[in-house]
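These are the residues of each chain, in order.
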Amino acid sequence: MEVRSKQQSPRAAVPVGPLEAVGVAVVRKLSDESLLVGLGSGDPDAAADFVRRFQRRVFGLTFSILRDRAAAEEAAQESFLRAWRHASTYDPRRGTVAGWLLTIARNVSINMLPTRRFDPVDPELIVALEARRPHQDRIAAQVVDSELLREPLARLPGNQRRALVLAVFYGFTAREISELDGVPLGTVKTRIRSAMLKLRSQLRVSDDR
Amino acid sequence: MTAEMGCEQVRELAPELALGIAEGEERDAALRHLDGCGGCRQLVSELSSVGDELLQLAPVHDPPAGFESRVLAGLTEPPRRRSIQPLTRRWQWLAIAAAAVVLAATLSAGSVLLATAGDRRLAASYQAVLSQGQGAYFVAAPLQGTRGRVGTVFGYQGQPSWVMVTLQSSIREEGRFQVQVVTRDGRYLSLGDAVLGGAKGTWGGQLPVDLSAVHELRFMGSDGRPTLTATFATANPWD
């Protein structure tokens, strides 16, 4: 992996600017990748920064899925533990650190959902909760990409949005959504596919700009 | 094995592959296609990015007070082995021996009830094994991977209850898993880590609950999803 192969301290990854050269302390924000390298290598400062940077998003996601604060905290803790254990498996070519970490958090949460007791919350609630919110703890590039999807997600037909949210956040398969909503499997597959392709085209438009 | 898939079929399934919700043989056939098709791989990769970005739209919440400290405390400790002690080498051999004896008994389905001398001996042997650990019963369940059965899980109800996994020798690649028990009342309990495959053909450990409370044993891969599972259909097959 590119990041790991350099084997550098996240602190060392920060170039020294002219102000630091003359002894002036400058607060710099390390990249997510640098913090992950530090976390994996046991750097306590990097680990603390990593947890501080992502804890609200990780807990927000686990709570959205589990709807129980104690369970959400357990899932969030487990997610950071797995990130620490498996930091070396992160491949920057396959996505952002935030996406990687939140995927871990999603999977941990889904595995904590007792299927027999699972009462899915209204998935549109997630979208509604997200209508407008500040992003104080996000770096600019990440805000732009995910924010690009907010409006097209809201514009999707309700049944497409529901199928997509059940699949993305709750890990429901098309078959499970079909059984849950009482609609044909083929219809659910079409809804997921249509929604995903619309959102992909939105991201591609932004890349082409 | 299902028929091979073409680009058109794989592109239809691409969103589900990207979101990790494609299932069974359909998924396996699509993954085989992706191995040799850069165009379809690119599509799945782009759709995976959509999934990643969508997760980032989840609401942000402040975690409970002290969360950061608790996480960091956990990161400084050695990997957890919560609520379970791995079986010692001696216990592993005892478990394998017990599994062999009891498997022989249970394979003769209904034999305990039949009034034949051989079957009575088997029943007596079974009872003798159970009495060694104040046990009530012994069960076996198939360990299932994504492409079918890969081994067997033996479960012993006693003081303590424990499980023993034996893997088919055809599993050549070693893998590290987190082991999880799903209880019949819906709880999830961690059994720590396990290495299975290659030269590591067995794994076993003590259960933190009675075997009768165990619904499923799961071996989770690095992505946090169950890779191998074994389900105990009933609490006590002899009841």
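In short, a report on the structure. (Residues numbered from 1 in each chain as written. Chains lettered and ligands numbered in written order. Predicted model: local features only at pLDDT ≥ 70, side-chain atom pairs only at ≥ 80, totals over all residues.)

Some remarks on the overall build of chain A
Okay, so step 1: Looking only at helices and strands, chain A has 11 helices and zero strands in total.
Okay, so step 2: The secondary structure elements of chain A, listed N-terminal to C-terminal, are α-α-α-α-α-α-α-α-α-α-α.
Okay, so step 3: In chain A, buried positions account for 41% of the 209 residues.
Okay, so step 4: The long-range fraction of contacts in chain A, counting pairs at least 24 apart against all pairs at least 6 apart in sequence, stands at 67%. (Helix = DSSP H or I, 4+ residues; strand = E, 2+ residues; numbered from the N terminus. Buried ≥ 20, exposed ≤ 12 C-beta atoms within 10 Å, placed from the backbone. Contact = placed C-beta atoms within 7 Å.)

Notes on the overall build of chain B
Okay, so step 1: Each helix and strand in chain B was counted, giving six helices and eight strands.
Okay, so step 2: Moving toward the C terminus, one meets the helices and strands of chain B in the order α-α-α-α-α-α-β-β-β-β-β-β-β-β.
Okay, so step 3: Looking at chain B residue by residue over its 239 residues, the buried ones come to 34%.
Okay, so step 4: A sequence separation of at least 24 residues applies to 58% of the contacts in chain B between residues at least 6 apart.

Thoughts on the nonpolar core
Okay, so step 1: Counting 73 residues, the largest nonpolar core has Leu 39, Val 58, Leu 101, Ala 105 and Ala 167 of chain A together with Ala 14 of chain B as the members making the most contacts within it.
Okay, so step 2: A total of 11 residues in this core trace back to one element, the largest contributor, which is helix α4 (residues 44-66) of chain A.
Okay, so step 3: If near-sequence neighbours (up to four positions away) are discounted, Leu 39 of chain A is found in contact with Ala 46, Ala 47, Phe 50, Ala 83, Trp 84 and Ala 87 of chain A.
Okay, so step 4: If you look at the next biggest cluster of nonpolar residues, it comprises 28 residues, including Val 179, Leu 207, Leu 211 and Val 214 of chain B. (Core = buried A, V, L, I, M, F, W, Y, C linked by C-beta atoms within 7 Å.)

Quick notes on the pairing of strand β8 (residues 226-231) of chain B
Residues and elements named next belong to chain B.
Okay, so step 1: Here strand β7 (residues 214-220) runs beside β8; their pairing, made up of five bridges, is antiparallel. Looking at β8, one finds that Glu 216 is bridged to Thr 231.
Okay, so step 2: The loop that links β7 with its antiparallel partner β8 comprises five residues; one of these, Gly 224, has a positive phi angle of about 85°. (Pairing = 2+ DSSP bridges.)

Structural notes on the interface of chain B and chain A
Okay, so step 1: The partner chain A presents 60 residues to the 40 residues of chain B that form the contact.
Okay, so step 2: Elements represented by at least two residues in the side of chain B that touches chain A include exactly α1 (7-19), α3 (38-55) and α4 (67-76) of chain B.
Okay, so step 3: In terms of residue count, the dominant contributor to the side of chain B that touches chain A is α3 of chain B (10 residues).
Okay, so step 4: Its residues placed into classes, the side of chain B that touches chain A shows 20 nonpolar, nine polar and 11 charged. (Nonpolar A, V, L, I, M, F, W, Y, C, P; charged D, E, K, R; others polar.)

Section: the environment of Ser 49 of chain B
Okay, so step 1: Assignment of secondary structure puts Ser 49 of chain B in helix α3.
Okay, so step 2: Expressed as a C-alpha distance, the spacing of Ser 49 of chain B and Ala 18 of chain B, which sit 31 residues apart in the sequence, is 8.4 Å.
Okay, so step 3: Apart from residues no more than four positions distant in its own chain, Ser 49 of chain B is found in contact with Gly 95 and Leu 203 of chain A.

Any functional reading would require information beyond the geometric quantities listed.
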